[in-house]
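Working through the structure, step by step
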Amino acid sequence: MNVESWTTASCTILAVTAFIYLFEGRRRSGKLLHDVPMPEGASLLWGHEMIVSRMTVGEAYAQWMAQLHSQTIKIRGALFKPDILVVADPLAVTHIMQRHVYDYPHSDVVRARIARLLGKSLGWVEGETEHRRMRNLVAPSLAPDALRRGTADTYGAAERLANNLETHLLEQGGSTVVSIVDWVNQATLEVIGRLGFGHDFGGGRSNDARKILGAWRTMANMGVSSMGFMALMMLRRFPTLNSLRPLKALRVQGDVRETIHEGVAKELLRRNANTDLGVEDSDLLSRLISAHNSGSIERDELMDHYVHVRYIQLSHNLCLRVFASIAGSETTAQSLAYAIWELARNPHVQARLREEAMAYHGSPSYDDLQTQLPYLDAVTREVLRLHPAAPYMERVSLKEDVLPLRHPIVGKQGQEVSSIAIAAGQMIFIPITTINTMCSVWGDGKVFRPDRWMDELPPKDLCSTGWSRMLTFSEGPRTCIGYKFAIFQFKVILLTLVRRFEFKDTGEVIIDRVASSLQPVVQGQEELGPQLPIHVSLC
């Protein structure tokens, strides 16, 4: 056989092998998911995922589920990946996230992303034993008693933000347009620095703070770009690429973690190297150093926990999720920014919230924030319902399973299907934003209406079993461990700001994107990355 024949034969073999590799998984998945409805419009190369990425977060799934009259659908994966199961059915979600959560770990691409961003800490770990060990290590530092002791520090960070913003406004003649995301990020970083580690970030303006926030912004800019989408699709289709650090999309994620490692984390370790700490110390740094000194955790794990706490608060992907989480001071900042945006667009809500805030003299305690300011609580819940920091979860089944459905689907032959058999390795998306805003559950689910929390809520069997009948903090054993801290910090900062400033809508059209957590971008200015412009003036 001559060289040309060998070349032709080799190319043919490679082509056939690639065809089998690309399509066999889709064939097996398609057989089991035969009765699950699928929307039209998938492209050959990008499946339905390009459509999802181009629309505001959650909107594509909401439209498809409404069109197909089903809370469980499948979509074509990009690059010939097997079909993806999209699950919003409450019974199926509870099965995955509560009853069998350790059989449904993060997908390879999500777990690798968590490792790059947060290290191998609580958000990364899988398996019941190891997850419980890490959770028990962190939990006391985020309990209500620890938060009560941190009240003064939290209000101090909020007041520092308000003072800095007031100074800026006075320099601009008393009012101006700001990207509110950048401002609240400074305060939430300051809070976690004070409460978690006794570290002063200078109101979010120290060199350490600027480096951390700058690294995060660079990563977020990449994540919301078209290059970020292409990178995600390649990583999901070919997981081995996750180990290729030279890829820019991966490098910028790792830069966040390395910035914290090389700066403030090392300084904190140096400062506390000779400190005698006991387990009675309830702040997180004390407990982590005690665990390190006793040999319970390694130095690298200690460093990774510091990175994790930077993002521990609102993303169940990053908090776990988080995050991730995506969660933490960055995700709390995103939620606060959305809260201010909603107040700017709904001046009657803003006025009512300000009236309640001004009627309470002084700074509410941790407990009073839970019980004495009902409208603040309603606004908080409504913002977190509409704008969850982690807008979806990406899980994969470790073994064959059967998902029960509360809302049966109609099969290809017109039969009622009340459960779905899935194969090991099945990719599953849980669209949190879509679930939280489903009109079939919440009525006017896409409308910002805090009063809904003062009325009768939807029936429990239609909702998630998570906090406030929503999935913002996940549900089950991997519920976000820092959610009480996140809500406390959110309320303190929002209360402080609404007392001193008035917010007005700029009229810009905001689109939600995802870069590890929810990110707002201005329509027509996507290349500028995350921003949320608000007109701010002194009250």
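In this text, all values refer to a predicted model and were calculated from it rather than measured experimentally. The numbers attached to residues start from 1 for each chain and follow its sequence in the written order. With pLDDT at 70 or above as the cut-off, local features in this predicted model cover only qualifying residues; side-chain atom pairs require 80 or more to be listed or tallied, and sums for whole chains, interfaces and linings still use all residues. Only heavy atoms go into the side-chain values, all of them from the structure, while hydrogens and water stay out.

1. Some thoughts on the overall build of the protein chain
This is how the line gets drawn: Segments assigned H or I by DSSP are reported as helices when at least four residues long, segments assigned E as strands when at least two residues long, and all are numbered from the N terminus. Residue exposure (1.4 Å probe, protein chains only): buried if accessible area is under 20% of the type maximum, exposed if over 50%, otherwise partly exposed. Every accessible area reported is derived by Shrake-Rupley at a probe size of 1.4 Å, with residue values counting cover from the shown protein chains alone.
A count of helical and extended segments in the protein chain gives 22 helices and 11 strands. Looking at the protein chain residue by residue over its 539 residues, the buried ones come to 58%. A total of about 21600 Å² of accessible surface is found on the protein chain, and carbon and sulfur atoms cover 53% of it.

2. As for the sheet that holds strand β2 (residues 84–87)
Put simply, the rule is: What makes two strands pair is DSSP finding at least two bridges between them. Note on definitions: angles span 0 to 180 degrees between N-to-C directions of axes, and those axes are lines fitted to C-alpha atoms, for helices only across the stretch in contact.
The four strands are arranged β1-β2-β7-β4 in an open sheet whose pairing can be described as mixed. Two strands bound the open sheet, and with one partner strand each, they are β1 (72–75) and β4 (393–396). When the angles between neighbouring strand axes are averaged without regard to direction, this sheet yields 25°. Here β1 pairs with β2 via four bridges, running antiparallel. Each residue of the ladder has a partner; that of lysine 74, found in β2, is leucine 85.

3. Section: the pairing of β2
Neither face of β2 is exposed, since Ile84 and Val86 on one face and Leu85 and Val87 on the opposite face are all buried. Taken together, the two bridges between β2 and strand β7 (residues 427–430) define a ladder with parallel strand orientation. Residue pairing in the sheet places valine 86 in a bridge with phenylalanine 429 of β7.

4. Comments concerning empty space enclosed by the protein
For the record, the criterion: With a 1 Å grid laid over protein atoms only, a set of points is called a cavity when a 1.4 Å probe fits there but cannot get out and a pocket when it is open yet has protein on both sides within 12 Å along at least five of seven lines; lining residues have an atom within 4 Å of a point. Grid points are joined across faces, edges and corners, and a volume is the space filled by probe spheres set on the points.
Approximately 70 Å³ is the volume attributed to the largest cavity. Residue lining of the largest cavity: 13 residues in total, with Ile435, Val441, Leu462, Cys463 and Ser464 positioned closest to the centre. Looking at the lining of the largest cavity, the elements with two or more residues in it are α20 (432–436) and α21 (439–442).

5. A few points about the environment of cysteine 463
We count it as follows: Note on contacts: a residue pair qualifies if any of its non-hydrogen atoms lie within 4.5 Å across the two residues.
For cysteine 463, the position within the fold is in the loop between α21 and α22 (483–500). In this structure the C-alpha to C-alpha distance between cysteine 463 and methionine 438, which are 25 residues apart in sequence, comes to 9.7 Å. Excluding residues that lie within four positions of it along the chain, cysteine 463 makes contacts with Pro90, Val441, Pro458 and Arg469.

6. Section: the confidence of the model for the protein chain
Note the threshold: pLDDT runs from 0 to 100 and stands for how confident the predictor is about each residue.
Scored by pLDDT, the protein chain has a mean of 82; 75% of the residues are at 70 or more. Between residues 1–21, whose pLDDT stays under 50, and residues either more than four places distant or in other chains, the model counts four contacts.

7. Remarks on the pattern of salt bridges
Stated precisely, the cut-off is as follows: Each salt bridge in this description consists of a side-chain nitrogen of Lys or Arg and a carboxyl oxygen of Asp or Glu lying within 4 Å of one another.
In total, this model carries 20 salt bridges according to the counting rule given. One salt-bridge network, held together by shared partners, links Glu382, Arg385, Asp444, Arg449, Arg452 and Asp455.

8. Brief notes about the sheet that holds strand β3 (residues 175–179)
Taking strand neighbours across the sheet as the criterion, the three strands line up as β3-β11-β8 in an open arrangement whose pairing is antiparallel. In the strand order of this sheet, the two ends are held by β3 and β8 (501–505), each with one partner. Across this sheet, the average inter-strand angle for adjacent strands is 35°, counted without regard to direction. Seen against the sheet, helix α8 (residues 151–171) touches β3, β8 and β11 (533–538) and runs at an angle of roughly 85° to β11.

9. Points about the nonpolar core
Here is the rule we go by: What is meant by a nonpolar core is a set of buried Ala, Val, Leu, Ile, Met, Phe, Trp, Tyr and Cys residues, joined one to another through side-chain atoms within 4.5 Å.
Among the nonpolar cores identified, the biggest contains 64 residues, and Ile180, Val184, Leu494 and Leu497 are the most heavily contacted of them. When residues no more than four places from it in sequence are discounted, the contact partners of valine 184 are Leu161, Ala333, Leu336, Ala337, Ile340 and Leu497. By size, the runner-up hydrophobic cluster in this structure holds 48 residues, among which are Ala92, Trp442, Cys463 and Cys480.

10. Here we look at the packing of helix α19 (residues 374–386) against α22
Selection rule: The handedness criterion is simple: a crossing whose near helix is rotated anticlockwise from the far helix by less than a right angle is left-handed, and one whose near helix is rotated clockwise is right-handed. Throughout this entry, Asp, Glu, Lys and Arg are counted as charged residues, while Ala, Val, Leu, Ile, Met, Phe, Trp, Tyr, Cys and Pro are counted as nonpolar. The remaining residues, Gly among them, count as polar.
Interaxial distance between α19 and α22 falls to 11 Å at its minimum, and their mutual angle equals 115°. The way α19 lies across α22 gives a crossing that is right-handed. Mapping the contact onto sequence places Leu376, Asp377, Val379, Thr380, Val383 and Leu384 in α19 and Ile487, Phe490, Lys491, Leu494 and Leu495 in α22. Looking at the contact of α19 with α22, its residues break down into eight nonpolar, one polar and two charged.

11. Considering α8
Since the α-helix advances by 3.6 residues per turn, residues separated by three or four positions end up pointing in the same direction. Cut-off, in case you're wondering: In this scheme, a helix's expected span is set at 1.5 Å multiplied by one less than its residue total.
With 21 residues, α8 extends 31 Å from end C-alpha to end C-alpha; this agrees with the ideal 30 Å at 1.5 Å per step. Residues of α8 that are buried include every one of Thr151, Thr154, Tyr155, Ala157, Ala158, Leu161, Ala162, Asn164, Leu165 and Leu169, and no others. Looking one or two residues past α8, glycine 173 carries a phi angle of roughly 90°, positive in sign.

12. Overview of the side chain of arginine 236
Put simply, the test is: Counted as a polar contact is a pair of N or O atoms within 3.5 Å, where, for protein atoms, one must be capable of donating a hydrogen and the other of accepting one, and residues adjacent in sequence contribute only when both atoms are in side chains.
Mapped onto the secondary structure, arginine 236 falls in helix α11 (residues 226–237). A polar side-chain atom of arginine 236 sits 2.7 Å from a polar atom in the side chain of glutamate 394. Residues within four places of arginine 236 in sequence aside, it is in contact with Glu49, Lys81, Val109, Tyr392, Glu394, Met427 and Phe429.

13. Focus: the environment of proline 533
Summarising the element assignment, proline 533 is placed in strand β11. Among the residues examined, proline 533 registers a relative accessible area of 12% and is labelled buried. Spatially, the C-alpha atoms of proline 533 and isoleucine 510 are 9.3 Å apart, while their sequence positions differ by 23 residues. Setting aside anything within four residues of it in sequence, one finds proline 533 in contact with Val177, Val178, Ser179, Thr506, Glu508, Ile510 and Val522.

14. Notes on α19
When the terminal C-alpha atoms of α19 are compared, their 18 Å separation across 13 residues agrees well with the 18 Å that a helix rising 1.5 Å per residue should span. Burial runs high along α19: 11 of the 13 residues are buried. All of the buried residues along α19 are Tyr375, Leu376, Asp377, Ala378, Val379, Thr380, Glu382, Val383, Leu384, Arg385 and Leu386.

15. Quick notes on the side chain of threonine 434
Examined against the element boundaries, threonine 434 turns out to sit in helix α20. Note on threonine 434: relative accessible area 3%, which makes it buried. A distance of 2.9 Å separates a polar side-chain atom of threonine 434 from the backbone oxygen of glycine 58. In contact with threonine 434, other than residues within four places in its own chain, are Gly58, Tyr61, Ala62 and Met65.

16. A closer look at the packing of helix α17 (residues 347–359) against α19
Keep this limit in mind: Angle categories: roughly parallel below 35 degrees, roughly antiparallel above 145, roughly perpendicular from 65 to 115, and oblique for all the rest.
At a minimum axis distance of 8 Å, the contact between α17 and α19 shows a crossing angle of 140°. With respect to each other, α17 and α19 are oriented oblique. Here Val349, Arg352, Leu353 and Glu356 of α17 come into contact with α19, specifically with Pro374, Tyr375, Leu376 and Val379. Partitioned by chemical class, the residues of the contact of α17 with α19 number six nonpolar, no polar and two charged.

17. Description of the packing of aromatic side chains
Here is the rule: Whether two aromatic rings pair depends on their centres lying within 6.5 Å, for rings of Phe, Tyr and Trp, where Trp uses its six-membered ring; planes under 30 degrees apart make the pair stacked, over 60 edge-to-face, and the rest tilted. In this scheme, the term charge over a ring applies when either NZ of a lysine or CZ of an arginine sits within 6 Å of the ring centre and within 35 degrees of the ring normal.
For the coordinates displayed, the defined rule picks out eight aromatic pairs. Between tryptophan 442 and tryptophan 453, the aromatic rings sit 5.6 Å apart at their centres with planes inclined by 50°, giving tilted as the arrangement. Here tryptophan 442 is found in helix α21, whereas its partner tryptophan 453 is found in the loop between α21 and α22, with 11 residues between them in sequence. As far as the burial class goes, tryptophan 442 and tryptophan 453 line up, both buried. The aromatic ring of phenylalanine 238 is capped on one face by arginine 237, whose charged end is 5.8 Å from the ring centroid.

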